[in-house]
Amino acid sequence: MNYQAVRAVFEAPLLSAYNNLTPAVPVYFDNVMNDDADSAEEFVQVNVRFGLTTELTLASNPDRIRGVIIVSAYTPKDKGPSRNQTLINVATEVIQTINATPKPPSGVYARTGSIDGPAFSPSFGGTTPDQQSRRAFTPFFISRIEAGFQAQIIS
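Since we're looking at a predicted model, the values are computed, not measured. (Residues numbered from 1 in each chain as written. Predicted model: local features only at pLDDT ≥ 70, side-chain atom pairs only at ≥ 80, totals over all residues. Heavy atoms only, no water.)

**Q** Give me the environment of Thr138: which residues, what numbers.
**A** You can see Thr138 is positioned in the loop between strand E4 (107-120) and strand E5 (140-154). When the C-alpha positions of Thr138 and Pro76 are compared, they lie 9.4 Å apart, and in sequence the two are 62 residues distant. (Helix = DSSP H or I, 4+ residues; strand = E, 2+ residues; numbered from the N terminus.)

**Q** Hey, could you go over the pattern of salt bridges for me, with residue numbers and the actual values?
**A** Charged atoms that come close allow side chains of opposite charge to pair. Throughout the structure, instances matching the rule amount to 5 salt bridges. Residues Arg7 and Asp30 are paired through a salt bridge, measuring 2.9 Å at the closest nitrogen-oxygen approach. Note that Arg7 is positioned in helix H1 (residues 3-19) and Asp30 in the loop between strand E1 (27-29) and strand E2 (43-50), a separation of 23 residues in sequence. Each member of the pair, Arg7 as well as Asp30, carries the same accessibility label: buried. Put simply, Arg144 and Glu146 hold a salt bridge, and the shortest N to O gap is 3.8 Å. Because the salt bridges share partners, they merge into one network encompassing Arg7, Glu11, Asp30 and Arg49. (Salt bridge = Lys/Arg side-chain N within 4 Å of Asp/Glu carboxyl O. Buried < 20%, exposed > 50% of the residue type's maximum accessible area, 1.4 Å probe, protein only.)

**Q** Lay out the sheet that holds E2 in plain terms, naming residues and giving numbers.
**A** Read from one edge of the open sheet, 5 strands run E1-E2-E3-E5-E4, paired in mixed fashion. Bordering the open sheet on either side are E1 and E4, each of which pairs with just one other strand. In this sheet, neighbouring strand axes are inclined to one another by 20° on average, regardless of whether the strands run parallel or antiparallel. Pairing of E4 with E5, which is carried by 10 bridges, proceeds in the antiparallel orientation. Counterpart to Arg111 in the pairing with E5 is Gln150. (Pairing = 2+ DSSP bridges. Axes fitted to C-alpha atoms, helices over the stretch in contact; angles between N-to-C directions.)

**Q** Got a sec to walk through helix H2 (residues 82-100)? Specific residues and values, please.
**A** Over its 19 residues, H2 extends 27 Å from the first C-alpha to the last, a length consistent with the 27 Å expected when each residue adds 1.5 Å. Taken residue by residue, H2 has Asn84, Leu87, Ile88, Val90, Ala91, Thr92, Val94, Ile95 and Ile98 as its buried positions. (Expected span 1.5 Å × (residues − 1).)

**Q** Give a description of the environment of Arg111 that names residues and reports values.
**A** Topologically, Arg111 is positioned in strand E4. Its relative accessible area of 24% is what places Arg111 among the partly exposed residues. The sequence separation of Arg111 and Thr101 amounts to 10 residues, and the corresponding C-alpha distance is 8.7 Å. In this structure, Arg111 is in contact with Ile98, Asn99, Ala100, Thr101, Pro102, Gly148, Phe149 and Gln150, ignoring residues within four places of it in sequence. Polar side-chain contacts of Arg111 include one of 2.8 Å to the backbone oxygen of Asn99. For Arg111, the side chain forms a polar contact with the main-chain oxygen of Thr101, separated by 2.6 Å. (Contact = heavy atoms within 4.5 Å. Polar contact = N/O pair within 3.5 Å; in protein donor to acceptor, adjacent residues only side chain to side chain.)

**Q** Outline the packing of aromatic side chains, supporting the account with residue identities and numerical values.
**A** The tally for this structure, following the rule as stated, stands at 8 aromatic pairs. Ring plane angle 45° and centroid distance 4.9 Å describe the contact between Phe10 and Phe149, whose orientation is recorded as tilted. One end of the pair, Phe10, is in helix H1; the other, Phe149, is in strand E5, and 139 residues separate them in sequence. Phe149 shares its class with Phe10; the two are buried. Geometrically, the ring pair formed by Tyr74 and Phe140 is edge-to-face, given 5.8 Å between the ring centres and 85° between the ring planes. Note that Tyr74 is positioned in strand E3 (residues 64-76) and Phe140 in strand E5, a separation of 66 residues in sequence. Comparing Tyr74 with Phe140, the two get one shared label, buried. Three or more aromatic residues joined by ring pairs make a cluster, and in this case those are Tyr3, Phe10, Phe50 and Phe149. (Phe/Tyr/Trp six-rings, centres within 6.5 Å; stacked < 30°, edge-to-face > 60°.)

Put into structure tokens, the structure is as follows:
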């Protein structure tokens, strides 16, 4: 299994897309500390979670990986949703582009399922009222999208 290669399929184009915005938007990935969260006005958090990783296929190639990609955009609270919607739309477009990329002869071939969201804070649903949620006290307006994915390692 090559988890880093699968991560790169999602993380590299997302990082590039957010770096190409004016101004560039900081992007944080799994296991990367966001020490600047208190000082950053806006940023994006990308999480890649792996699920089933040993699916046997008819070709006896177990290098098929399932998981979910989650992208959250953080913008200043009480300034309207426009900038946040712009940022989360960038992630949606990147994921759709990845999904439309043809199968390569080697490397990683990834396909996503439906994109769920965006869901906007301070409520992502659930049973906790906003006033009792820690998200109600954060200085950020947060949106989140997620999509399940399947990736195939092609040798």
